[in-house]
Amino acid sequence: QVQLVESGGGVVQPGGSLRLSCAASGGTFTSYVMGWFRQDPGKEREFVGSIYWGGSNAYYADSVKGRFTISRDNTKNTVYLQMNTLKPEDTAVYYCAARLYSISDYQYWGQGTQVTVSS
């Protein structure tokens, strides 16, 4: 059973930075795409970005491009979301998700971690 556990959320002032972590276990992840999503209450879940575990390319939503960076550490089975120049509109619960490269829907989800950007 694949498990994803996010950590690193918190409260930060506008313009600040946070790094989220997603620790993956229970599977072999070299064939997985790891995604980050976020959801604010009353809004639809939004795709933030993704990275293919077997490669180095990452993809981002336009709203975070140039500010957020996704990376991975294969030795730790962990994916990171580095968030810089945070804005109040980045406030949301952030979720890590995983899917097989050959499947379009994300099959596994973490429990989420709250990020609040406020002065």
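Fair warning: this is a prediction, and the values are worked out from it, not measured in the lab.

Before going further, it helps to examine the state of the cysteines. Scanning the model with the defined rule gives one disulfide in all. Paired by a disulfide, Cys22 and Cys96 hold their sulfur atoms 2.0 Å apart. Disulfide Cys22-Cys96: the torsion about the S-S bond is -70°, which places it as left-handed. Taken as a pair, Cys22 in strand E3 (residues 18–25) and Cys96 in strand E9 (residues 92–100) lie far apart in primary sequence, 74 residues in all. Look at Cys22 and you get buried, because its relative accessible area is 0%.

Residues of strand E1 (residues 3–7) alternate between two faces, with Leu4 and Glu6 buried on one and Gln3, Val5 and Ser7 left unburied on the opposite face. Bridge count between E1 and E3: five bridges; the pairing is antiparallel. For Val5, the partnering residue across the bridge sits in E3 and is Ala23.

Core analysis: the biggest nonpolar cluster contains 28 residues, and Met34, Trp36, Leu81, Met83 and Tyr94 have the highest contact counts within it. Contributions of two or more residues to this core are made by E3, strand E4 (32–39), strand E5 (46–52), strand E7 (68–73), strand E8 (78–83), E9 and strand E11 (113–117). Look past the residues within four positions of Tyr94 in its chain and what remains in contact with it is Glu6, Leu20, Phe37, Arg38, Val48, Phe68, Leu81, Met83, Gly112, Thr113 and Val115.

Time to look at the pattern of salt bridges. If you walk through the whole model with that rule in mind, you get four salt bridges. For Lys65, the salt bridge identified is with Asp62, shortest N-O distance 3.1 Å. Taking the relative accessible area as the measure of exposure, Asp62 reaches 66% and is therefore exposed. Across the pair Arg67 and Asp90 runs a salt bridge whose closest N-O atoms are separated by 2.8 Å. One end of the pair, Arg67, is in the loop between strand E6 (58–60) and E7; the other, Asp90, is in the loop between E8 and E9, with 23 residues separating them in the sequence. Asp90 carries the same exposure label as Arg67, and that label is buried.

Conventions and cut-offs
Residues numbered from 1 in each chain as written. Predicted model: local features only at pLDDT ≥ 70, side-chain atom pairs only at ≥ 80, totals over all residues. Heavy atoms only, no water. Disulfide = S-S within 2.5 Å. Helix = DSSP H or I, 4+ residues; strand = E, 2+ residues; numbered from the N terminus. Buried < 20%, exposed > 50% of the residue type's maximum accessible area, 1.4 Å probe, protein only. Pairing = 2+ DSSP bridges. Core = buried A, V, L, I, M, F, W, Y, C linked by side-chain atoms within 4.5 Å. Contact = heavy atoms within 4.5 Å. Salt bridge = Lys/Arg side-chain N within 4 Å of Asp/Glu carboxyl O.

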